[in-house]
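Listed below, chain by chain, are the residues.
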Amino acid sequence: MAKGSEGGGDDRGISECNRCAIIDQTRRWTQRVPIGLGLCPWAGRSLRLDRLRIVVCDETTPNDAGIFVRGEAQLLTEASTPELTTTLVVCPHVSEWQDEFDSFDEYVQTFKAEQPDILASAD
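Remember, it's a predicted structure, so these values are computed and weren't measured experimentally.

What counts, and at which threshold
Residues numbered from 1 in each chain as written. Predicted model: local features only at pLDDT ≥ 70, side-chain atom pairs only at ≥ 80, totals over all residues. Heavy atoms only, no water. Helix = DSSP H or I, 4+ residues; strand = E, 2+ residues; numbered from the N terminus. Buried < 20%, exposed > 50% of the residue type's maximum accessible area, 1.4 Å probe, protein only. Contact = heavy atoms within 4.5 Å. Areas by Shrake-Rupley, 256 points an atom, 1.4 Å probe, with all protein chains shown as cover. Polar contact = N/O pair within 3.5 Å; in protein donor to acceptor, adjacent residues only side chain to side chain. Core = buried A, V, L, I, M, F, W, Y, C linked by side-chain atoms within 4.5 Å. Patch = residues over 30% accessible without salt bridge, like charges linked within 9 Å, V, L, I, M, F, W, Y side chains within 5 Å. Salt bridge = Lys/Arg side-chain N within 4 Å of Asp/Glu carboxyl O. Pairing = 2+ DSSP bridges. Right-handed = clockwise from strand over helix to strand, strands pointing away.

Draft legend 1. Fine view of the overall build of the protein. Looking only at helices and strands, one finds five helices and three strands in the protein. In the protein, which comprises 123 residues, the share counted as buried stands at 28%. Long-range contacts, defined as pairs at least 24 residues apart, comprise 65% of the intrachain contacts of the protein with a sequence gap of at least 6. Surface exposure of the protein reaches about 7,800 Å², of which carbon and sulfur atoms provide 53%.

Draft legend 2. Spotlight on the environment of Thr81. Inspection of the secondary structure puts Thr81 in the loop between helix H3 (62-77) and strand S3 (86-90). When the C-alpha positions of Thr81 and Arg51 are compared, they lie 9.6 Å apart, and in sequence the two are 30 residues distant. The contacts of Thr81, once residues within four sequence positions are left out, are Leu75 and Leu76. Within the structure, the side chain of Thr81 is placed 2.6 Å from the backbone oxygen of Leu75, a separation counted as a polar contact.

Draft legend 3. Spotlight on the side chain of Asp58. Inspection of the secondary structure assignment puts Asp58 in the loop between strand S2 (52-57) and H3. Taking relative accessible area as the criterion, Asp58 reaches 2% and is therefore assigned buried. Only 3.2 Å separates the side chain of Asp58 from the side chain of Arg19, close enough to count as a polar contact.

Draft legend 4. Up close: the side chain of Thr87. Here Thr87 is to be found in strand S3. Exposure remark for Thr87: the relative accessible area of 17% places this residue in the buried category. Residues in contact with Thr87, not counting those within four places in the same chain, are Arg53, Val55, Glu72 and Leu76.

Draft legend 5. View of the nonpolar core. The biggest cluster of nonpolar side chains holds seven residues, and these are Val55, Cys57, Ala65, Phe68, Cys91, Val94 and Trp97. Going through the elements one at a time, S2 and H3 are the ones with two or more residues in this core. Ignoring anything within four residues of it in the chain, the contact list for Ala65 reads Cys57, Glu59, Cys91, Val94 and Trp97. By size, the runner-up hydrophobic cluster in this structure holds five residues, among which are Ile23, Ile54, Val56 and Val90.

Draft legend 6. Structural context of a nonpolar patch on the surface. Among the surface-exposed residues, Trp42, Leu49 and Leu84 lie close enough to one another that they form a single nonpolar patch of about 280 Å² accessible area. As for its position among the elements, Trp42 is in helix H2 (residues 41-48). Taking the relative accessible area as the measure of exposure, Trp42 reaches 45% and is therefore partly exposed.

Draft legend 7. Representation of the pairing of S2. Of all six residues in S2, five are buried; the element is thus mostly enclosed. Judged from the five bridges that link them, S2 and S3 form a sheet pairing that is parallel. The residue bridging Arg53 from the neighbouring strand is Thr87, located in S3. As for the winding sense of the linkage, the β-α-β connection from S2 through H3 to S3 is right-handed.

Structure follows, in structure tokens:
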């Protein structure tokens, strides 16, 4: 089962302090790059409305991280989810994605091809 959270730790040894640091770093990067440079217009609105959710995925393989992302995507499509809600999933333990963007991009392209219904509104 995919694990991850906005706050609490889990049995993989990520401390609350490390999880909070990852979320804080991601929030600052988001404010500085996609929002600050105007690259993502809906992210700024989501942040101002307190609807920018950052979660840390504890999975270590692309496949398991993909399962986790699918679960997060499904949460965004629920009727009870407020408009302009955005979720950023941080996967700090997928070693294949840490040093080489092409590996991550290849995974995303495959994911999009296999899950067009999940990402239909993103295009």
